Amino acid sequence: MINQPAFERSIHGDHQPSCLTVNNLTKKFNNESVLENLSMSIYQGEIHGIIGRNGVGKTTLIESIIGLKEIDAGTVNILGEDIKSSRYEIMEAVGIQPQEANLLPRQSVSETIHLFTSFYKESMDPKELMQMMELDQIESKRVKNLSVGQKQRLLVALAMVGNPALIILDEPTTGIDPQIRQLIWRVLRSMKEKGCSILLSTHYMDEAEKLCDRISILHDKKIIVHGSCHEIITEHREKFTDSLEDVFLHLTGTSLRREVD
Ligand SMILES: Nc1ncnc2c1ncn2[C@@H]1O[C@H](COP(=O)(O)OP(=O)(O)OP(=O)(O)O)[C@@H](O)[C@H]1O
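Residues numbered from 1 in each chain as written. Predicted model: local features only at pLDDT ≥ 70, side-chain atom pairs only at ≥ 80, totals over all residues. Heavy atoms only, no water.

Looking at an unreviewed UniProt entry, one finds the chain named ABC transporter ATP-binding protein, with Paenibacillus lacisoli as its source organism.

Here it is, written out as structure tokens:
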């Protein structure tokens, strides 16, 4: 049954309802693992951020979680169901930001939202969604003519269209101005207030710090640290004044050697 939370032991030892649990996930490309025995969990009703260096495997992790990439080992449980056996039912309750390539360039914003609405049994009201994402002013604009920020708002709106219990977003605020970023944060917080759980990847430490209830740091094929921003800083800082970015650099290294390799 969808929406049945599993329970995970939090770092404080108490049991939290979890809406997504990844156990010992391994994903290989050309026989080389990008993710190895990776485990993590997302609590129900939280905004959870994944941070990690370029190329560490954030997109691969997200695509493995939603079943877009076949995993080599491990399990992914979403809302009480195994993704391998119940992907279709699970995806009814999960909102993912579509790839831009999956949109029809000549369709308008409004037509695109209406089309995606038709994929779900219980969808959000398109008008309300467009107002929420401030897309109503540009509802007749064609997808191919949208600016980066307008397109990003549309993609995030499409992740919410099915009234999901869990939203999964890959770098939802990359390349957009602070006003649109704040709008997306406001909308995600309001979805959380309605009981939605949210998993997102980000390169922005301030986004992880201000928006996310908990953070997982992905490094060397695994989640090496997880917890609230405060917990992570307190546990891993070298100096009293260290920020999340300082701690991230201590934990994941400052050299670009891995990138050059
Ligand atoms: N289809 C594929 N075939 C082979 N290698 C791949 C494939 N997709 C991703 N990779 C490799 O897997 C690694 C992780 O890539 P991924 O895109 O998941 O990283 P990321 O953390 O999302 O990066 P970024 O922050 O730059 O977006 C990279 O080394 C990438 O080249």
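Peer 1: Looking at this structure, how should I read the overall build of the chain?
Peer 2: Tallying secondary structure elements over the chain gives 10 helices and 11 strands in all. By the compact-globule yardstick of 18 Å for 261 residues, the chain fits well, its C-alpha radius of gyration being 18 Å. The dimensions of the chain, computed from C-alpha atoms along their principal axes, are 50 × 40 × 40 Å. Each of the 261 residues in the chain was classed as buried or not, and the buried ones make up 49%. When contacts within the chain are restricted to residue pairs at least 6 apart in sequence, long-range pairs at least 24 apart make up 65% of them. When the accessible area of the chain is evaluated, it comes to approximately 12,900 Å², of which 46% is carbon and sulfur surface. The distance from the centre of the 29 positive side-chain charges to the centre of the 37 negative ones in the chain is 4 Å. (Helix = DSSP H or I, 4+ residues; strand = E, 2+ residues; numbered from the N terminus. Rg over C-alpha atoms; globule rule 2.2 N^0.38 Å. Buried < 20%, exposed > 50% of the residue type's maximum accessible area, 1.4 Å probe, protein only. Contact = heavy atoms within 4.5 Å. Areas by Shrake-Rupley, 256 points an atom, 1.4 Å probe, with all protein chains shown as cover. Lys, Arg positive; Asp, Glu negative; His and termini not counted. Charge placed at Lys NZ, Arg CZ, Asp CG, Glu CD.)

Peer 1: I'm lost on the side chain of glutamine 97 in this one. Help?
Peer 2: Within the secondary structure, glutamine 97 is located in the loop between strand E7 (94–96) and helix H3 (109–117). A residue is classified by how much of its surface remains accessible, and glutamine 97, at 17% relative accessible area, is buried. Within the local environment of glutamine 97, its side chain forms a polar contact with the backbone nitrogen of aspartate 170, the two atoms lying 3.2 Å apart. Setting aside residues no more than four positions away along its own chain, glutamine 97 makes contact with Gln152, Leu155, Ala159, Ile168, Leu169, Asp170 and Pro172. (Polar contact = N/O pair within 3.5 Å; in protein donor to acceptor, adjacent residues only side chain to side chain.)

Peer 1: Got a minute to help me understand the packing of H3 against helix H5 (residues 148–160) in this structure?
Peer 2: The relative placement of two packed helices comes down to the angle between their axes together with the axis-to-axis distance. It is at 10 Å that the axes of H3 and H5 come closest, and there the two elements cross at 20 degrees. It follows from the interaxial angle that H3 and H5 lie roughly parallel. The chirality of how H3 crosses H5 is right-handed. Seen from H3, the contacting residues are Val109, Thr112, Ile113 and Phe116; seen from H5, they are Leu154, Ala157 and Leu158. Per-class residue counts for the contact of H3 with H5 are six nonpolar, one polar and no charged. (Axes fitted to C-alpha atoms, helices over the stretch in contact; angles between N-to-C directions. Parallel < 35°, antiparallel > 145°, perpendicular 65-115°, else oblique. Left-handed = near helix turned anticlockwise from the far one by under 90°. Nonpolar A, V, L, I, M, F, W, Y, C, P; charged D, E, K, R; others polar.)

Peer 1: Where do I start with helix H6 (residues 178–193) in this structure?
Peer 2: Helical geometry note: an α-helix holds 3.6 residues per turn, so side chains three or four residues apart project in the same direction. With 16 residues, H6 should reach 22 Å at 1.5 Å per residue; the first-to-last C-alpha distance of 22 Å fits that figure. Of the positions making up H6, those classed as buried are Ile180, Arg181, Leu183, Ile184, Trp185, Val187, Leu188 and Met191. For H6, the elements touching its buried residues are strand E4 (47–51), helix H4 (126–132), H5, strand E8 (166–170), strand E9 (197–201) and helix H7 (205–211). Where H6 begins, one side-chain oxygen reaches toward the backbone nitrogen of glutamine 179, 3.1 Å away; that side chain belongs to aspartate 177. Note on H6: the residue one or two positions beyond its end, glycine 195, has a positive phi of about 105 degrees. (Expected span 1.5 Å × (residues − 1).)

Peer 1: Is there a simple way to explain the site of the ligand in this structure?
Peer 2: As a structural note, the neighbourhood of the ligand is formed by Phe29, Val34, Arg53, Asn54, Gly55, Val56, Gly57, Lys58, Thr59, Thr60, Glu171 and His203. For the ligand, an oxygen atom lies 2.9 Å from a polar atom in the backbone of glycine 57. Between the ligand and the protein, one listed contact pairs an oxygen atom with a side-chain N or O atom of histidine 203 at 2.8 Å. Across the complex, the protein chains shield 57% of the 640 Å² of accessible surface that the ligand would expose by itself. With three residues, the single largest contributor to the shell around the ligand is helix H1 (residues 58–65). For the shell around the ligand, the class distribution of residues is three nonpolar, six polar and three charged. (Near = heavy atom within 4 Å.)

Peer 1: How should the state of the cysteines be read in this particular structure?
Peer 2: Among covalent bonds in proteins, the disulfide is the one between the sulfur atoms of two cysteines. For the structure on display, the rule yields zero disulfides. The thiol sulfur of cysteine 19 is not disulfide-bonded, and the nearest other cysteine sulfur, from cysteine 196, lies at 8.6 Å. We note that cysteine 212 lacks a disulfide partner, and the nearest cysteine sulfur, in cysteine 229, lies 9.2 Å from it. (Disulfide = S-S within 2.5 Å.)

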